[in-house]
Amino acid sequence: MSFDLSLIATSLPKILQGLGLTLNLLAVSTLFGLILAVGILLMRLSRRSWLVWPAKAYIYFFRGTPLLVQLFVIYHGLPQFGFIRQSVLWPLLREPYWCSVIALSLNTAAYVSEILRGGVLGVDKGFVEAGKALGLSKFQRTTRITAPLAVRLALPAYSNEIVSMLKSTALASTVTLMEMTGVARTIVADTFAPYEIFIAATIIYLVLVWIIQTGFTLIETYANRHVRKT
Amino acid sequence: MSVLDGWWDDFFFGLMTVLQVFSVSLVIAVVCGLLGASAKLSKSRILRGVAQGYTIVFRGAPELLVLLLFYFGMAIALTQLVQLVDPSVKFIDLPPFWAGSIAIGLIVGAYMTETFRGAFLGVDRGQVEAARALSLKRHQIFRYVRLPQMWRLALPNFGNHMLSIMKDTALVSIIGLEEILFVAKMANSLIHRPFLLYMTVALIYLAMTTVITLAVGWLERRANRHLRGAR
Amino acid sequence: MADIIVLEKMNKFYGTYHALKDVNLTIAKGEKVVVCGPSGSGKSTMIRCINRLEEHDGGRIVVGGEELTDDEKKIDLVRREVGMVFQSFNLFPHMTVLENLTLAPRLVRKMATVEAEAIAMKYLTRVRIPDQAHKYPSQLSGGQQQRVAIARALCMNPEVMLFDEPTSALDPEMISEVLDVMTDLAREGMTMVCVTHEMGFARSVADRIVFMDQGEIVEVSTPAEFFAAPKSERARTFLGQILAH
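Residues numbered from 1 in each chain as written. Chains lettered and ligands numbered in written order. Predicted model: local features only at pLDDT ≥ 70, side-chain atom pairs only at ≥ 80, totals over all residues. Heavy atoms only, no water.

**Here's the deal with the confidence of the model for chain B**
The criterion, for reference: The predictor rates its confidence in each residue with pLDDT, a number between 0 and 100. Strands here are runs of E lasting at least two residues and helices are runs of H or I lasting at least four, both read from the DSSP assignment and numbered beginning at the N terminus.
Across chain B, the average pLDDT comes to 90, with 97% of residues at 70 or higher. Helix α2 (residues 45-60) of chain B holds the highest mean pLDDT among the elements of chain B, 95, whereas helix α3 (residues 63-85) of chain B holds the lowest, 85.

The structure is reproduced here in structure tokens:
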């Protein structure tokens with residue numbers, strides 16, 4: 001079977017031209033997603049049912065449907081409506097880049113808000129009670145006790161979510177974006193050497209995953225320095 | 001929804017395809033997960049290394065990329081294999097159904113490897129010791145003490161993996177399998193109602209994932225019967 | 001030979017940590033031995049070596065005439081004759097009390113289910129909880145769970161019973177119900193090796209008390225000697241601490 005190792009080497013730099021866009025999508029969507037997630041989390045944890053209910057519905061929809069379908073609804077679906085095409089958002093919504101960012105952000109926000117909620121629920125009630133006993137206000141207890149502990153508990157799951165986001169950016173290639181997978185698909189269409197090209201792309205993704213995981217391990221070690229054994 | 005009249009049949013058959021891909025992928029994923037977990041827990045360094053490589057690659061590479069690699073790559077490999085026997089064959093197309101099911105099964109199998117391994121190790125060490133003190137054999141400990149509790153420990157994650165498989169089936173439309181997203185694309189080229197069509201696809205998936213979630217919840221309640229204790 | 005357990009120059013290491021140092025101990029059939037000592041003294045490690053939940057690194061262990069080596073068959077033979085009760089009960093949470101009790105007789109002794117259940121009910125009656133047979137462990141109190149664990153070990157009809165701090169995980173009001181069952185067992189002539197800090201139990205039941213510290217057996221005495229006039233300084237300090245409260 002012909003398997004051309006040198007083709008992997010020569011295609012790596014070409015695929016790397018898509019790296020910038022991949023990282024761009026990842027960073028921008030992660031940031032928007034996190035901001036949105038905190039908002040949804042606060043709604044979800046509130047005692048008012050008219051806030052809880054929409055948050056639950058949001059999480060239910062975005063976790064229950066494929067990201068690819070969400071992307072298609074936003075990119076192909078929204079322009080069906082005249083008012084969208086006339087709205088101020090149209091310059092954004094007709095760009096595949098912004099549609100990808102919106103889909104990725106909306107999608108990850110649902111997962112991240114649940115990850116953070118898991119962290120909040122995991123915080124030992126004893127600490128919060130100790131805070132009450134010390135006379136801390138509700139705001140102080142939330143920001144000084146619950147939030148920092150919840151973030152520590154949520155970190156491992158959050159790092160998995162970032163990895164999952166990195167992999168999801170590949171879907172942007174289905175709406176014509178030339179991120180790494182998009183570039184790889186183009187090269188394959190020209191050379192028809194799918195093994196070499198896709199394996200080369202996979203290697204780059206694996207390196208990125210490794211960097212993300214190593215980074216989070218460092219952050220976790222730092223965040224948990226108070227429990228480190230000597 | 002009368003605009004969709006005439007397309008319901010197609011959506012129905014698309015859904016059947018989704019369910020077929022789902023079932024085949026699930027079987028492959030469970031088999032890979034069990035093999036992977038056994039390999040990771042084995043004493044052989046080689047087996048552990050192979051399993052480690054498997055999980056790193058299949059959990060780290062984008063699902064779409066794996067799918068494309070399998071679809072195009074396996075077609076070439078298969079063609080070359082058949083040409084050894086019959087050189088007159090020009091090209092063999094691997095059915096997208098199998099390329100998709102195998103790719104999804106292998107990807108989710110890598111996640112299941114970790115779930116099954118964690119569940120195996122999650123069974124309290126004290127209980128394994130108690131079983132050893134009662135002179136139960138290794139396979140008896142596995143069968144009567146570990147396996148029944150692994151199931152309970154693995155179930156929540158297992159449910160999530162089933163949801164992943166269900167959602168990943170949407171990807172096989174990209175390699176041309178006529179499942180519901182593919183049907184929606186086809187319909188759109190004729191009736192130009194993209195929002196309606198893709199939203200319909202989303203709602204069908206939502207219904208499927210809801211059924212899975214409810215089923216897993218029911219199984220979890222059953223598996224945890226013995227824990228509704230006094231304390 | 002009436003000696004049912006013989007430990008000769010037994011050593012155990014965890015990495016470089018020397019957990020057991022030249023332990024020598026002989027236990028006769030029908031004898032009740034209480035092992036005590038400060039935490040980390042190696043008492044649990046020692047009794048866990050007797051049914052090879054831990055492997056010893058030097059010396060000899062002979063149980064019921066069989067020397068413990070890597071031979072899996074012999075280990076199985078020994079474990080069949082040696083029952084063990086753990087600090088944390090270790091009942092199988094997914095099985096009812098009755099299923100916990102009948103599992104090993106059915107699988108290891110190849111007993112018919114009916115027969116195994118009859119024996120299980122006999123021992124559940126002995127430990128005074130026959131009415132809990134169809135409950136799950138999590139539905140029982142700690143004291144009840146530990147009595148089930150004792151019954152589970154007895155169902156294998158062992159020659160020797162090992163107890164590894166059986167009352168340490170229990171609430172104070174439940175300790176006596178477990179000790180009562182153990183005292184009954186001792187009266188019936190069971191050979192018992194018991195790691196415990198319950199000095200009242202030791203005084204009334206033990207034939208000998210083994211005091212360990214830092215991986216060594218420091219002294220072996222009768223309860224009368226041990227509580228009246230411990231031979232070693234370390235034992236005096238230990239008794240002072242434990243009887244102070």
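On we go from here.
**Considerations on the pattern of salt bridges**
Put simply, the rule reads: Salt-bridge detection follows one rule: a side-chain nitrogen of Lys or Arg within 4 Å of a carboxyl oxygen of Asp or Glu.
Going through the model one piece at a time under the given rule, you end up with 24 salt bridges over all chains. With a closest N to O distance of 3.2 Å, Arg 117 of chain A and Glu 114 of chain A form a salt bridge. Here Arg 117 of chain A and its partner Glu 114 of chain A are both found in helix α7 (residues 96-122), three residues apart, which amounts to about one turn of the helix. The salt bridge involving Lys 12 of chain C is made with Glu 54 of chain C; its shortest N-O contact spans 4.0 Å. In this pair, Lys 12 of chain C sits in strand β1 (residues 3-14) while Glu 54 of chain C sits in the loop between α1 (43-50) and β4 (58-63), placing the two residues 42 residues apart along the sequence.

**Focus on the packing of helix α9 (residues 138-168) of chain A against helix α11 (residues 194-223) of chain A**
All names here are of chain A. Worth spelling out the cut-off: Fitted lines through C-alpha atoms serve as axes, helices being fitted only where they are in contact, and the angles separating the N-to-C directions of these axes extend from 0 to 180 degrees. To sort the angles, those under 35 degrees are grouped as roughly parallel, those over 145 as roughly antiparallel, those from 65 to 115 as roughly perpendicular, and the leftovers as oblique. What makes a crossing left-handed is the near helix being turned counterclockwise from the far one by less than a right angle; a clockwise turn instead makes it right-handed. Two residues qualify as a contact provided that any one of their heavy atoms is within 4.5 Å of a heavy atom in the partner residue.
At their nearest, the axes of α9 and α11 sit 10 Å apart, and the two run at 165° to each other. Taken together, α9 and α11 sit at an angle that is classed as roughly antiparallel. Seen from above, α9 lies across α11 with right-handed handedness. For the pair α9 and α11, contact is made by Arg 152, Leu 155, Pro 156, Tyr 158, Ser 159, Ile 162, Val 163 and Leu 166 and by Tyr 205, Leu 208, Val 209, Ile 212, Gln 213, Phe 216, Ile 219, Glu 220 and Ala 223, respectively.

**Quick look at the interface of chain B and chain A**
Often, the extent of an interface is quoted as the loss of accessible area on bringing the components together. This is how the line gets drawn: Two parts lose some accessible area (1.4 Å probe) when they are put together, and adding that loss for both gives the buried area. Contacts described as polar in this section are N or O atom pairs within 3.5 Å, which, within protein, must combine one atom able to donate a hydrogen with one able to accept it, while residues neighboring in sequence count only if both atoms come from side chains. Three categories are distinguished: nonpolar for Ala, Val, Leu, Ile, Met, Phe, Trp, Tyr, Cys and Pro, charged for Asp, Glu, Lys and Arg, and polar for the others, with Gly belonging to the last.
Residue-level contacts link 38 residues of chain B with 36 residues of chain A. Roughly 3,300 Å² is buried in total at the junction of chain B and chain A, and carbon and sulfur atoms are behind 78% of that figure. Its largest share of buried area at the contact with chain A, chain B owes to Leu 65, Lys 167 and Phe 195 of chain B, together 19% of the area lost on that side. For the salt bridge of Glu 63 of chain B with Lys 167 of chain A, the shortest nitrogen-to-oxygen distance reads 3.7 Å. Counting across the chain B and chain A interface gives nine residue pairs in polar contact (both at pLDDT 80 or more). Every element with two or more residues in the side of chain B that touches chain A is listed here: α2, α3, α7 (180-191) and α8 (194-223) of chain B. The residue makeup of the side of chain B that touches chain A, split by class, is 27 nonpolar, six polar and five charged.

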